[in-house]
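What follows is each chain in one-letter form.
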Amino acid sequence: MEPSRNYYVSQFVADWWRSRDWQGLWLGVPALLGGVGLLVMIAFSETRSARERAASYTMAARIAFAQEDFVRADLFYKKSLAGHPDALQVLFEAAAVADHRGEKTRRDAILRRLVEEERYPAALLYRASILLQENPSEAKLLEAERLLQRVAEESEGELVQEGTKLAGQVDDVRRLLAATCQAKGDYPKAIEHGESLFE
């Protein structure tokens, strides 16, 4: 009976295994580990530098915004968001720049995402104030009141201490709610929201 092919393959593998110089392989292990470590460090530095680049673009955008150079600020915010598209505060600041540049369609698209998808409180306030400032129709007043009520309800569950940023935002909500009710002609509600400022 003739040996099978499997026998030849297994015999070849066994002979190959015995003929290897394993001492040479052991000498190469440190180089292999060093190569793996180098690849990990390169990958880590690339992700970290992307975050650092986005942060430096954000800082440059804030400086340009403070100097009222909205074109440069817009450019830097776009670059920052390209590297970190889910940074809500940066997205909100980009909406403010778009507003200053008169790009209402872009501003509204960003605010819509922040309000409807992310439920970002500052965007709720900003959107409501825009609705109140831009020739408010009955529908816009109702939407502004709905947005402001959401902010007021969501902030009640949080710890609001006097003098904090959140406390200031809650007062802004109450002020805007009073203005909204007054613009609608609902004076009792406007007085109620106005009195809540003094509690």
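Residues numbered from 1 in each chain as written. Predicted model: local features only at pLDDT ≥ 70, side-chain atom pairs only at ≥ 80, totals over all residues. Heavy atoms only, no water.

Our focus in this paragraph is the overall build of the protein chain. Per the secondary structure count, the protein chain includes nine helices and zero strands. Taken from N to C terminus, the helices and strands of the protein chain fall in the order α-α-α-α-α-α-α-α-α. Counting across all 199 residues of the protein chain, residues that qualify as buried make up 31%. Put simply, 45% of the contacts in the protein chain that link residues at least 6 apart link residues at least 24 apart. Accessible surface, the protein chain as shown: approximately 13,400 Å² in total, 58% of it carbon and sulfur. (Helix = DSSP H or I, 4+ residues; strand = E, 2+ residues; numbered from the N terminus. Buried < 20%, exposed > 50% of the residue type's maximum accessible area, 1.4 Å probe, protein only. Contact = heavy atoms within 4.5 Å. Areas by Shrake-Rupley, 256 points an atom, 1.4 Å probe, with all protein chains shown as cover.)

Moving on, we get to helix α4 (residues 88-100). Along its 13 residues, α4 runs 19 Å from first to last C-alpha, staying within 8% of the 18 Å computed at 1.5 Å per residue. When α4 is considered as a whole, its buried residues turn out to be V90, L91, F92, E93, A94, A95, A96, V97 and A98. Once α4 finishes, G102 follows within two positions and takes phi at roughly 80°, a positive value. (Expected span 1.5 Å × (residues − 1).)

Moving on, we get to the nonpolar core. In terms of nonpolar packing, the biggest core is built from 36 residues, with Y77, F92, L111, L114 and A123 touching the most fellow members. Elements with a minimum of two residues in this core: α2 (22-66), α3 (70-83), α4, α5 (104-117), α6 (121-133), α7 (138-156) and α8 (165-184). In terms of residue count, the dominant contributor to this core is α6 (nine residues). When near neighbours in sequence (up to four residues on either side) are disregarded, Y77 contacts A61, R62, V90, E93, A94 and V97. (Core = buried A, V, L, I, M, F, W, Y, C linked by side-chain atoms within 4.5 Å.)

Once that is clear, we can look at the side chain of R107. Within the secondary structure, R107 sits in helix α5. When its relative accessible area of 1% is taken as the criterion, R107 is described as buried.

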